[in-house]
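For reference, the chains in residue letters:
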Amino acid sequence: MSDYDPELNEVEEEETNKVDSLCADLSCLCVCLCVGPKEAKPKEQFDQIISSIIVAISMIPEAISYALIAGLPPSFALQSSWISCMLTAIVGGRPGMITSASGLSALLLYRLVNTDTIGATSFMFVPLVVGFAGMLQTVSSFFGFGKLATHFPAPMVVGMVNGLAILAIALQFRYAKVFPLTEADMSVGTAAAGDGKAVEADVTIALLSYFGKGLDWIQPWASFSVYFIEVFLAFAITTFVPRLTTFFPATLMAMLVVVAIEFGLARQFGAKTPLIGDYGGVEVKYPWTTVLDSEYTLPSLASWETWKIVTGYGCALFATQFVETAIALNVVNRLDETDGPGFLVLFGHGISNILIGFMGGMGASGVVSMSVLADRSFGTTCLSTFLTGGMLFIFMAWAYPVINYIPLSAISGISLAMACSFIQWRSLVAVLTICLPSSSRQLLPPQFNIDRLDVCIMLVVTLVCILVDVSALALFFVVVAVSTVIVCRGHMPQKSEDQIETEIKDVEKIEEKKVDFEVVQNHQSVYPTGSSESRSENFSLQGGCTASVLECMCDAAEDALFPVQGCV
């Protein structure tokens, strides 16, 4: 008997592919001799710390921008970012996946804070909506939504990733514009008094919101020129230095070079570019406040009007955060070549959003751009995610005098490099090949010969993502509808091994009869006659359909949505 056991080897492979836990990461950090499932060297743990610092610094202006898009105070986004990173790493999360305030959620919350049903305390509804969305995430994790998050249709993932990359590039232009909030607006945001309807039919173009339409560019033009020179330097260093050496993190090198140019050269000649301190700053006076403090005036929960708004926007926010988290999870899975625990990710995000709502935040979800940045700077464990939240809290509470002097141009250049790295360029090339005839497409390499239906899905998802502010909400319902077909097919009765063997023998007998039938047919006339029984037998020999109508419909739907020859 052979020693090879396929089932045992499969179990061992699954065990080796499991992602490391936070406890294992912390034990590797505290003890030089690693005690855990994966060997770790001191340099690897040092990389986790450096990665957390870089990601935390880069997260600051991005989170502030999302707060501005939503019309909320910057503290709402900063609170959400550090709480979500630390709590998801402990409760349950994907190693290497960064969670933070997100832009698509901000676009949805912008509708909320501009309603006339809640008057001057509009943004006070945000903690209630975020907490309700967190409860939905926690409950949904027990109903198979975690598995759905890890098995998103590939064309939708690629289309959404391309759309988020375009939005991330547009967001960088905001940093070269004048910060719109005054000192007084920092505590109330830009949309404290809404005058619109609770549910509006008009659509806000997401790309323009990210770009900062209506904001003025920084002046004078000398500062504006120096800003883009520094952006280019940071972009070049982040992109090309890793091809030469990985001994020193390229993102940290880009940040240090831009700081040296800004304060060593540019400011000596009178050219000043915006710093983090000029963009609202990272300081939060009371980062541990809750909605129970006197500065919060929550709406009455005894009002039916309150519950209509909370449940309606809470469900929409849940769908939006679920889609963003699922996209980030699929991207990190592809980068690390391991499958993250979908149940724990969704459960951890739900618990963190409940706490975020209690502490006055705008909610958080998985962020593709920051997750790619963490991966590029070797932050691929739960320890990196946990320390990112810890570093951000330290920056907010005590280290803000130093962090506020970091130029926005350095962060913008690094973010542009990350956005360009996770765009699926092959899918863009495939768009040009769908117009070719089938005979010419067969000559293309497999990575460019993508099924036409897949390419159309990618294009539609990308366009909707950059044009519609509730794109994630619409995508959520599409994915649920598509997955229903797969789930229905999975619950259909499966055939046992004995039944399969019996069918194989029947097929062999049918083939033998078919050969005999063809021999006899050659000796008969061209137009043979026969009884109805013989005609029915001939029909069965030609491959009559014996499957149920439901099974045929499910097979047809799955083949149409997920063709075997599709390549993404």
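Enquirer: A description of the overall build of the protein chain should follow, citing residues and the corresponding values.
Expert: Scanning the protein chain from terminus to terminus reveals 24 helices and two strands. Within the protein chain, buried positions represent 48% of all 568 residues. At a minimum sequence separation of 6, the contacts of the protein chain that also span at least 24 residues come to 86%.

Enquirer: Residues and numbers for the packing of helix H3 (residues 42-70) against helix H14 (residues 368-376), please.
Expert: Look at H3 against H14: their axes get within 9 Å of each other, and the N-to-C directions meet at 155°. On the basis of their axis angle, the class for H3 and H14 is roughly antiparallel. By crossing handedness, the relation of H3 to H14 is classed as right-handed. Within the contact between the two elements, H3 uses Ser51, Ile54, Val55, Ser58, Met59 and Glu62 and H14 uses Ser369, Met370, Leu373 and Ala374. Classifying every residue of the contact of H3 with H14 by side-chain character gives six nonpolar, three polar and one charged.

Enquirer: I'd like to hear about the side chain of Glu230, residue by residue, with values.
Expert: Position of Glu230 relative to the elements: it lies in helix H10 (residues 221-244). Of the side chains with opposite charge, Arg267 comes closest to the buried, unpaired Glu230, at an N-O distance of 7.4 Å. Within polar-contact distance, the side chain of Glu230 engages the side chain of Ser409 at 2.6 Å. Ignoring anything within four residues of it in the chain, the contact list for Glu230 reads Val258, Ile261, Glu262, Ala266, Thr273 and Ser409.

Enquirer: Break down helix H20 (residues 452-467) for me, with residues and values.
Expert: Here H20 contains 16 residues, and its C-alpha end-to-end distance of 23 Å stays within 8% of the 22 Å for a straight helix at 1.5 Å per residue. Of the residues making up H20, those classed as buried are Asp454, Val455, Ile457, Met458, Val461, Thr462, Cys465 and Ile466. The arc enclosing the buried residues of H20, seen along the axis, measures out at 160°, which places them on a common side. Its side-chain oxygen placed 3.0 Å from the backbone nitrogen of Leu453, Asp451 serves as the N-cap of H20.

Enquirer: Let's hear about the nonpolar core: which residues, and what values?
Expert: One broad rule of soluble globular proteins: the nonpolar side chains tend to lie buried together. Core analysis: the largest hydrophobic core is formed by 129 residues, its most contacted members being Val126, Met160, Ile327 and Met362. Looking at this core element by element, the count peaks at 15 residues for helix H12 (residues 304-336). The contact partners of Val126, leaving out residues within four places of it in the chain, are Leu72, Phe76, Leu109, Leu112, Val113, Gly361 and Met362. Counting residues in hydrophobic clusters, the runner-up holds six residues, among them Ala430, Ile450, Val455 and Met458.

Enquirer: Quick one: what's the story with the environment of Ile50, residue by residue and with numbers?
Expert: Inspection of the secondary structure puts Ile50 in helix H3. Along the primary structure Ile50 and Phe248 are separated by 198 residues, whereas in three dimensions their C-alpha atoms are 10.0 Å apart. The residues touching Ile50, leaving out its near neighbours within four places in the chain, are Pro249 and Leu252.

Enquirer: Would you mind going over the packing of aromatic side chains in detail, with residue names and values included?
Expert: Following the criterion strictly, the structure yields 20 aromatic pairs and no others. Seen from their ring centres, Phe173 and Trp217 are 6.5 Å apart, and the 80° between their planes marks the pair as edge-to-face. Remark: Trp217 occurs in the loop between helix H9 (206-211) and H10 and Phe173 occurs in the loop between helix H8 (154-171) and H9; sequence separation between them is 44 residues. An aromatic cluster is present here, built from Phe173, Phe211, Trp217, Trp221, Phe224, Tyr227 and Phe228 joined pairwise through their rings. The ring of Trp217 carries Lys177 above its face, with NZ or CZ at 4.7 Å from the centroid.

Enquirer: Tell me about the packing of helix H6 (residues 126-140) against helix H13 (residues 342-358), and please be specific about residues and values.
Expert: Packing of H6 against H13 brings their axes to within 7 Å, and their N-to-C directions diverge by 160°. For the element pair H6 / H13, the angle class is roughly antiparallel. When the axes of H6 and H13 are compared, the crossing they make is left-handed. Counted together, Pro127, Val130, Gly131, Gly134, Met135, Gln137, Thr138 and Ser140 of H6 and Leu346, Phe347, His349, Gly350, Ile351, Asn353, Ile354, Ile356 and Gly357 of H13 form the full contact between these two elements. Split by residue class, the contact of H6 with H13 holds eight nonpolar, nine polar and no charged.

Enquirer: Which residues make up the environment of Ile57, and what are the values?
Expert: On the secondary structure map, Ile57 appears in helix H3. Under the relative-accessibility criterion, Ile57 is labelled buried at 6%. Taking the C-alpha atoms as reference, Ile57 lies 9.0 Å from Thr388; in sequence the two are 331 residues apart. Excluding residues within four positions of it along the chain, Ile57 makes contact with Met255, Ile276, Phe395, Ile403, Ile406 and Ile411.

Enquirer: Describe in detail a nonpolar patch on the surface, supporting the description with residues and values.
Expert: On the surface, a nonpolar cluster with roughly 520 Å² of combined accessible area is contributed by Val139, Phe142, Phe143, Phe343 and Leu344. With respect to the helices and strands, the residue Val139 is situated in helix H6. According to the relative accessible area criterion, Val139 is partly exposed, its value standing at 46%.

About the thresholds
Throughout, a residue's number is its position along its own chain's written sequence, starting from 1. Only residues with pLDDT of at least 70 are given local features in this predicted model, and only at 80 or more are side-chain atom pairs given and counted; all residues enter the totals for whole chains, interfaces and linings. Side-chain measures were taken over the full set of non-hydrogen atoms in the model, leaving aside hydrogen atoms and water. Secondary structure follows DSSP: runs of H or I at least 4 residues long count as helices, runs of E at least 2 residues long count as strands, and numbering of each begins at the N terminus. In this scheme, a residue with accessible area under 20% of its type's maximum is buried, one over 50% is exposed, and one in between is partly exposed, where area comes from a 1.4 Å probe on protein chains only. What makes two residues a contact is simply this: any of their non-hydrogen atoms within 4.5 Å. Axis geometry follows a simple rule: fit a line to the C-alpha atoms, using only the stretch in contact for helices, then measure angles between N-to-C directions, giving values from 0 to 180 degrees. Any angle that falls under 35 degrees is termed roughly parallel, while one over 145 is termed roughly antiparallel, one within 65 to 115 roughly perpendicular, and all others oblique. Note: crossing handedness is left-handed where the near helix turns anticlockwise from the far helix by less than a right angle, and right-handed where it turns clockwise. Each residue is assigned to one of three groups, with Ala, Val, Leu, Ile, Met, Phe, Trp, Tyr, Cys and Pro labelled nonpolar, Asp, Glu, Lys and Arg labelled charged, and all others, Gly among them, labelled polar. None of His or the chain ends enter the tally, which takes Lys and Arg as positive and Asp and Glu as negative. Just to be clear on terms, a salt bridge is a Lys or Arg side-chain nitrogen sitting within 4 Å of an Asp or Glu carboxyl oxygen. Polar contact criterion, stated in full: a pair of N or O atoms within 3.5 Å, where within protein one must be able to donate a hydrogen and the other to accept it, and residues adjacent in sequence count only if both atoms are side-chain atoms. Expected span of a helix, by definition, is 1.5 Å for each gap between consecutive residues, and there is one gap fewer than residues. Throughout, the arc means the angular range of directions from the helix axis out to the C-beta atoms. Nine residue types can take part in a nonpolar core, namely buried Ala, Val, Leu, Ile, Met, Phe, Trp, Tyr and Cys, and a core is a set of them joined through side-chain atoms within 4.5 Å. Two rings belonging to Phe, Tyr or Trp (six-membered ring only in the last case) form a pair when the distance between their centres is within 6.5 Å. Interplanar angles under 30 degrees mark stacking, angles over 60 mark edge-to-face geometry, and anything in between is tilted. For a lysine, the NZ atom is tested; for an arginine, the CZ atom; a charge sits over a ring if that atom is within 6 Å of the ring centre and within 35 degrees of the ring normal. Without a salt bridge and with relative accessible area above 30%, a residue can belong to a patch; like charges are then joined within 9 Å and nonpolar side chains (Val, Leu, Ile, Met, Phe, Trp, Tyr) within 5 Å. Areas reported here follow the Shrake-Rupley algorithm with a probe of radius 1.4 Å; residue values treat only the protein chains shown as occluding.

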